[in-house]
Amino acid sequence: MSAGARGRCPHCGCADLVEDSHYAQNQLVCADCGCVVSEGLLTTTFADEGQLREVTYSRSTGENERVSRSQQRGLRRVRDLCRVLQLPPTFEDTAVSYYQRAFQHPGLHAARLQKKEVLVGCCVLVTCRQHNWPLTMGTVCTLLYANLELFSGTYLQIVKVLGLDVPALSLADLVKTYCSSFKLFQASPSMSGKFVEDKEKMVSRTLQLVELSSESWLVTGRHPVPVITAAAYLAWRSLRPGGRLTCSLSQFCKLAGVDLPHPAYLRVQELLSILLRMAGQLAWLRILNLDKQTVVKHIGDLLQHRCILLRQAFRDEAEEEEDDQKREEGEEAGSETLKSHEKKRPASSPQPLLPPCMLRPPKRPCPPPADCSITGDEDISDSEIEQYLRTPREIKDFQRAQAVSQATPGAPAPS
């Protein structure tokens, strides 16, 4: 029988079909993927033979572990996503094994179809994180047209259910991955030449600004994308400030072809405040009376000595405690020692470097009590007071008072 007469494989479309005998029945098998295209008929029991009932081999063995169509579709999508991202073959095998384990789990097997679609990207993302391959959750959501909240929830569920050890993506890898998607590195008819920038220079300066943000508590407890966007915006303006100082953050995001995160403007203002404090430590910059608009021109010089300038611009907590200790010693020694110590200390000492949440704590109103009749002066019963006894001495005192109250009738109970 020729290949044209046999047809094609319904799974992969290959026309190379070969005949194979399995348990004395002829089968047509795809030589490319191994799919059984057609199989012969055989009888299973003497009752079936007596009534001339013929069944296929797969039905005769009663196998119930065949891969469902939903799982087959998910496995194909895992492989397709790995090939789109140009991942190594070992990554593809690991992602497929994770998808098979997650699909068979009772907590995910009966999930909705939308969640199973997201499951594909989660397995690929877990594999990339374990191999230190820079891939963001937003990139996978864009490729799968998936909801970010549903994706993040499913991702955390997979890590917990399968007991996986997934390292966090480093900030440096995230900066390189995020900046590589910018459309600022190639000239185009829709973009002026003054806006085009060298990729290596921009990524390097953005990374330095992100490290400065990390050292000054601007990254802790916050989403990294607005911080990276703010750092990339300031880095891009500082490399060629001549024609870019008037460019706003929203215009920069439109030129780069990325979305503008809402907190990015606040991160820009916080970074500029740090840079202004650092610029005040350089004498030749102090006389220029820089502001948040003009300090961008000198970002390169500030980053070159950022460790020393940051330490000088903000007092260390250890130094503050040392000054307090010296002040106390000066008070004990006498007023003359204190005056000499105050003369050595500058009049306007810089503040300690603290997280923004401690410098500007949020004003949260205290919720009213649920029961306004409770004042805290209520008597404690004997059955409840044992919960408040901690030390052996308190227990002995309570037992002694209880014995006295029992010996003298009419005496009030101990409270």
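Note that the structure is a prediction, hence the values are computed from the model and not measured.

Definitions and cut-offs
- Residues numbered from 1 in each chain as written.
- Predicted model: local features only at pLDDT ≥ 70, side-chain atom pairs only at ≥ 80, totals over all residues.
- Heavy atoms only, no water.
- Disulfide = S-S within 2.5 Å.
- Buried < 20%, exposed > 50% of the residue type's maximum accessible area, 1.4 Å probe, protein only.
- Helix = DSSP H or I, 4+ residues; strand = E, 2+ residues; numbered from the N terminus.
- Contact = heavy atoms within 4.5 Å.
- Core = buried A, V, L, I, M, F, W, Y, C linked by side-chain atoms within 4.5 Å.
- 1 Å grid on protein atoms, 1.4 Å probe; cavity = no way out; pocket = protein on both sides within 12 Å on 5 of 7 lines; lining within 4 Å.
- Points joined across faces, edges and corners; volume = space filled by probe spheres on them.
- Nonpolar A, V, L, I, M, F, W, Y, C, P; charged D, E, K, R; others polar.
- Arc of directions from axis to C-beta.
- Polar contact = N/O pair within 3.5 Å; in protein donor to acceptor, adjacent residues only side chain to side chain.
- Axes fitted to C-alpha atoms, helices over the stretch in contact; angles between N-to-C directions.
- Parallel < 35°, antiparallel > 145°, perpendicular 65-115°, else oblique.
- Left-handed = near helix turned anticlockwise from the far one by under 90°.
- Salt bridge = Lys/Arg side-chain N within 4 Å of Asp/Glu carboxyl O.

(A) Expanded view of the state of the cysteines. Applying the stated criterion to the full structure yields zero disulfides. In this structure Cys82 is a free cysteine whose sulfur lies 6.9 Å from that of Cys128, the closest cysteine sulfur available. Classification of Cys82 by relative accessible area gives buried; the value is 2%.

(B) Region of interest: the side chain of Ser216. Structurally, Ser216 can be placed in the loop between helix 11 (199–215) and helix 12 (224–239). Ser216 gets classed as buried once you look at its relative accessible area, which sits at 2%. If sequence neighbours within four positions are ignored, Ser216 has contacts with Ile274 and Leu353.

(C) Local environment of the nonpolar core. Phe182, Leu184, Leu212, Leu234, Phe252 and Leu302 are the most contacted members of the largest nonpolar core, which totals 55 residues. Of all elements in the fold, only helix 10 (171–179), helix 11, helix 12, helix 13 (249–256), helix 14 (264–279), helix 16 (299–304) and helix 17 (306–313) reach the threshold of two or more residues within this core. If we skip the residues at most four places from it in the chain, Leu212 touches Leu271, Ile274, Leu275, Met278, Leu303, Arg306 and Leu310.

(D) Fine view of unusual backbone geometry. Its identity as a non-glycine residue notwithstanding, Tyr145 has a phi of 55°, on the positive side. Mapped onto the fold, Tyr145 is located in the loop between helix 8 (137–144) and helix 9 (148–162). Using a relative accessible area of 79% as the deciding quantity, one classes Tyr145 as exposed. The phi angle at Trp217 is positive, at roughly 70°, despite the residue not being glycine. Take Trp217: it is sitting in the loop between helix 11 and helix 12. For Trp217, a relative accessible area of 36% corresponds to the partly exposed category.

(E) The layout of surface pockets, seen in detail. Estimated volume of the largest pocket: approximately 830 Å³. Forming the boundary of the largest pocket are 24 residues, of which Thr136, Met137, Gly138, Thr139 and Val225 lie nearest the centre. Elements that contribute at least two residues to the lining of the largest pocket include exactly helix 8, helix 9, helix 10 and helix 12. In terms of residue count, the dominant contributor to the lining of the largest pocket is helix 8 (five residues). A class-by-class count of the residues in the lining of the largest pocket yields twelve nonpolar, ten polar and two charged.

(F) Geometry of helix 8. The set of residues buried in helix 8 consists of Met137, Val140, Cys141 and Leu144. When helix 8 is viewed along its axis, its buried side chains cluster within an angular range of 100° and face the same direction. For helix 8, the secondary structure elements touched by its buried residues are helix 4 (69–84), helix 7 (113–130) and helix 9. Two residues or fewer past helix 8, Tyr145 is found with a positive phi of approximately 55°.

(G) Region of interest: the side chain of Arg267. Its location among the elements puts Arg267 in helix 14. Since its relative accessible area comes to 10%, Arg267 is described here as buried. Side-chain polar atoms of Arg267 contact the side chain of Glu270, separated by 3.1 Å. Filtering out sequence-adjacent residues up to four positions away, Arg267 remains in contact with Leu218, Arg222, Pro226, Val227 and Ala230.

(H) Focus on the packing of helix 4 against helix 7. Contact geometry for helix 4 and helix 7: axes closest at 9 Å, N-to-C directions at 40°. Looking at the two axes, helix 4 sits oblique to helix 7. Viewed along their axes, helix 4 and helix 7 form a crossing whose handedness is right-handed. For the pair helix 4 and helix 7, contact is made by Ser70, Arg73, Gly74, Arg77, Val78, Leu81 and Cys82 and by Lys116, Glu117, Val120, Gly121 and Val124, respectively. For the contact of helix 4 with helix 7, the per-class residue count stands at five nonpolar, three polar and four charged.

(I) Structural view of the pattern of salt bridges. Applying the stated criterion to the full structure yields ten salt bridges. With a shortest N-O distance of 2.9 Å, Glu117 and Arg77 are connected by a salt bridge. Taken together, the positions of Glu117 in helix 7 and Arg77 in helix 4 put the pair 40 residues apart, joining distant regions of the chain. Taking the relative accessible area as the measure of exposure, Arg77 reaches 29% and is therefore partly exposed. The shortest N-O distance in the salt bridge between Glu92 and Arg79 comes to 3.9 Å. With Glu92 in helix 5 (residues 89–104) and Arg79 in helix 4, this residue pair connects regions lying 13 residues apart in the sequence. When its relative accessible area of 30% is taken as the criterion, Arg79 is described as partly exposed. Overlapping salt bridges, with partners in common, bring together Arg73, Arg77 and Glu117 in one network.

(J) Structural detail: the packing of helix 10 against helix 12. Two numbers describe how helix 10 lies on helix 12: the axes approach to 11 Å, and their chain directions differ by 65°. For the element pair helix 10 and helix 12, the recorded crossing hand is right-handed. Every residue of helix 12 that contacts helix 10 at Leu171, Leu174, Val175 and Tyr178 is listed here: Pro224, Val225, Ile228 and Thr229. Across the contact of helix 10 with helix 12, the residue classes tally to seven nonpolar, one polar and no charged.

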